[in-house]
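A structural walkthrough
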Amino acid sequence: MTQRIAVLGATGSIGDSALAILADYPHEYEVYALSGHQRLDKLLALCQQFIPKRVCVPTAVVDEFAQRLKAAALDIDVVGGDAGLNDIATDNQVDTVVAAIVGAAGLPSTLAAARAGKRILLANKEALVMAGQVMIAAVKTHHATLLPLDSEHNAIFQCLPPVIQQDNTQIHDRCHGVRKLWLTASGGPFLQQSFSQMQQASVAEAVKHPNWSMGRKISVDSATMMNKGLELIEACHLFDLSEDKIDVVIHPQSIIHSMVEYSDGSFLAQLGSPDMKTPIAHALSYPARINSGSQPLDLYALSGLEFIKPDLQKFACLRLARQAMQAGTQATIVLNAANEIAVAAFLAGQVRLTDIADINEQALTGVQVSTLNANADIDDILAIDTVARRYTASIIAKLA
Ligand code: NAD
Ligand code: MG
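Residues numbered from 1 in each chain as written. Chains lettered and ligands numbered in written order. Predicted model: local features only at pLDDT ≥ 70, side-chain atom pairs only at ≥ 80, totals over all residues.

Considerations on the domain arrangement of the protein
Segmentation of the protein into domains returns domain 1 (3-148) and domain 2 (328-400). Summarising the inter-unit geometry, the C-alpha centres of domain 1 and domain 2 are found 26 Å apart. Taken together, the contact pairs ten residues of domain 1 with eleven residues of domain 2. For the side of domain 1 that touches domain 2, the element with the most residues is helix α6 (residues 125-141), which contributes six residues. Taken together, the residues that form the side of domain 1 that touches domain 2 break down as seven nonpolar, two polar and one charged. (Domains from an automatic or database assignment. Contact = placed C-beta atoms within 7 Å. Helix = DSSP H or I, 4+ residues; strand = E, 2+ residues; numbered from the N terminus. Nonpolar A, V, L, I, M, F, W, Y, C, P; charged D, E, K, R; others polar.)

The structure is reproduced here in structure tokens:
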């Protein structure tokens, strides 16, 4: 049966990789809906290529985009904004939602997809960082399926026994002999540079990742290693483990995408070229396998694989993420919000790369929010997110 797919965040880097695979399998997968927020020319070209039934754009441009589709003789339903994203994510015709919007903006539609019992291919790690418990509870209650696209989490998923994979990815530790998860990190473009060199980094240098080609926000997160911090929190929720069961190791070659350590001493790892098409193809076709179009790994071309302990002074964001995870959900919401604002300020030339960690730390200690209770819902989460964004903007205003 053809799987009907909605790609939310279709104009981004993950969107590109997902659509490249989908284009190769027109009989297996139907591109039913797309969304895009910027680069609407590209979205229009994707509409011409895939002819989806529905498309979501920012509310302000719904009419204009509908006119452009009409002029191109395309009969596609155009919806707008968050309501439009939710509408697509919960559409009865949609089987699978590729959640590839960047940042907190992706949370409402990803959660809506979970509540509609969809198969979710999750790239939007920020949704779990902000609302891990709510998301996982929704997945369980509504019998949704959550498959990680983040290469590390996808690697771990692949290294876990099928019995865990099929239980919405939760590890009931002890029973399955999982001792620890190892998240690998490339260390980003400044691994070999000093802190003071990192301080002077330009935007162009910071977004130029040595191994992966990605969107700007996640590229900056990789340079500060906040990305690994967000991934640590993501892994805690996805696999139901406390942060002390998850270690981070720098592996500059990005060949081993992560590992599971078992109590008998076995380390299971997933290896591959650093290409997001591999985890996306895995999740699309799981439990089967399809050709992702990524370059097979040439083992003979590999030189030594290195493993380095992260320097938590240079990469303070990683320390902050652990701290926030220990402190609880309200802290991870604050950290995520502060980081989004700080990264945007860096990209706008307002602060230095190394200021991001300081700003995040000030927000973590300075934002006063009450502890979320077990029944907290998305409105409570978004309220904390709003307070944290405002507070962070005031820190940045003082710095500038
Ligand atoms: P990107 O910036 O290339 O694309 C982001 C997409 O989200 C675009 O389609 C954009 O139009 C849309 N978008 C942005 N702001 C929006 C808003 N306010 N409302 C609705 N849509 C909006 O980002 P990316 O690199 O593709 O990353 C997407 C997500 O996947 C992020 O959460 C990132 O952490 C995660 N991820 C990416 C990679 C990668 O290799 N790029 C790897 C692992 C995880
Ligand atoms: Mg990753």
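Some remarks on the sheet that holds strand β9 (residues 246-250)
Taken together, the four strands give an open sheet; going across it, the order is β9-β8-β10-β11, and neighbouring strands pair in mixed fashion. Strands with a single pairing partner mark the edges of an open sheet, and in this sheet they are β9 and β11 (267-271). Neighbour-to-neighbour, the strand axes of the sheet open up by a mean angle of 20°, direction not taken into account. Of the pairings in the sheet, the one linking strand β10 (residues 256-262) to β11 comprises five bridges and is antiparallel in character. Directly across from Glu 261, in β11, lies its bridge partner Phe 267. Across the face of the sheet, helix α7 (residues 151-159) comes into contact with β8 (178-185), β10 and β11 while running at roughly 40° to β10. (Pairing = 2+ DSSP bridges. Axes fitted to C-alpha atoms, helices over the stretch in contact; angles between N-to-C directions.)

Some remarks on the pairing of strand β3 (residues 54-57)
In this structure, strand β2 (residues 29-35) lies alongside β3, joined through three bridges in parallel fashion. Each bridged residue has a counterpart across the sheet, and for Ser 35 the counterpart in β3 is Cys 56. Sheet analysis places β3 next to strand β4 (residues 77-80), joined by four bridges and oriented parallel. If you follow Arg 54 over to β4, its bridge partner there is Asp 77. Crossover handedness for the path β3 to helix α3 (residues 62-71) to β4: right-handed. (Right-handed = clockwise from strand over helix to strand, strands pointing away.)

Regarding the nonpolar core
Grouped burial of nonpolar side chains is what soluble globular proteins tend to show. Formed by 127 residues in total, the largest nonpolar core has its most connected members in Ala 6, Val 7 and Ala 99. A domain-level breakdown of this core finds at least three residues from each of domain 1 (3-148) and domain 2 (328-400). (Core = buried A, V, L, I, M, F, W, Y, C linked by C-beta atoms within 7 Å. Buried ≥ 20, exposed ≤ 12 C-beta atoms within 10 Å, placed from the backbone.)

Here's the deal with helix α16 (residues 355-366)
A rise of 1.5 Å per residue sets the reference length of α16, with its twelve residues, at 16 Å; its end C-alpha atoms lie 16 Å apart and thus fit the reference within 8%. Restricting attention to buried positions, one finds in α16 the residues Ile 356, Ala 357, Ile 359, Asn 360, Gln 362 and Ala 363. Here the buried face of α16 lies against α11 (216-224), α14 (316-327), α15 (329-347) and α17 (378-399). (Expected span 1.5 Å × (residues − 1).)

With respect to the site of ligand 1
Near ligand 1, the surroundings consist of 25 residues, among which Gly 12, His 37, Ala 123, Met 214 and Gly 215 are the closest. When residues of the shell around ligand 1 are traced back to their parent elements, those giving at least two are α1 (13-24), α6 and α11. Sorting elements by how many residues they give to the shell around ligand 1 places α1 first, with three residues. A class-by-class count of the residues in the shell around ligand 1 yields eleven nonpolar, ten polar and four charged. (Near = placed C-beta within 6 Å.)

Some words on the UniProt feature "binding site: 1-deoxy-D-xylulose 5-phosphate" (unreviewed entry) in the protein
Per the UniProt entry, the sites bearing "binding site: 1-deoxy-D-xylulose 5-phosphate" (unreviewed entry) are Lys 125, Ser 151, Glu 152, Ser 186, His 209, Ser 222, Asn 227, Lys 228 and Glu 231 in this numbering. Of note, Lys 125 is situated in helix α6. Residues contacting Lys 125, with those up to four places away along its chain left out, are Asp 150, Leu 230, Glu 231 and Glu 234. Locating Lys 228 in the fold gives a position in helix α12 (residues 226-239). (UniProt positions renumbered as here; feature names shortened; annotations may be inferred.)

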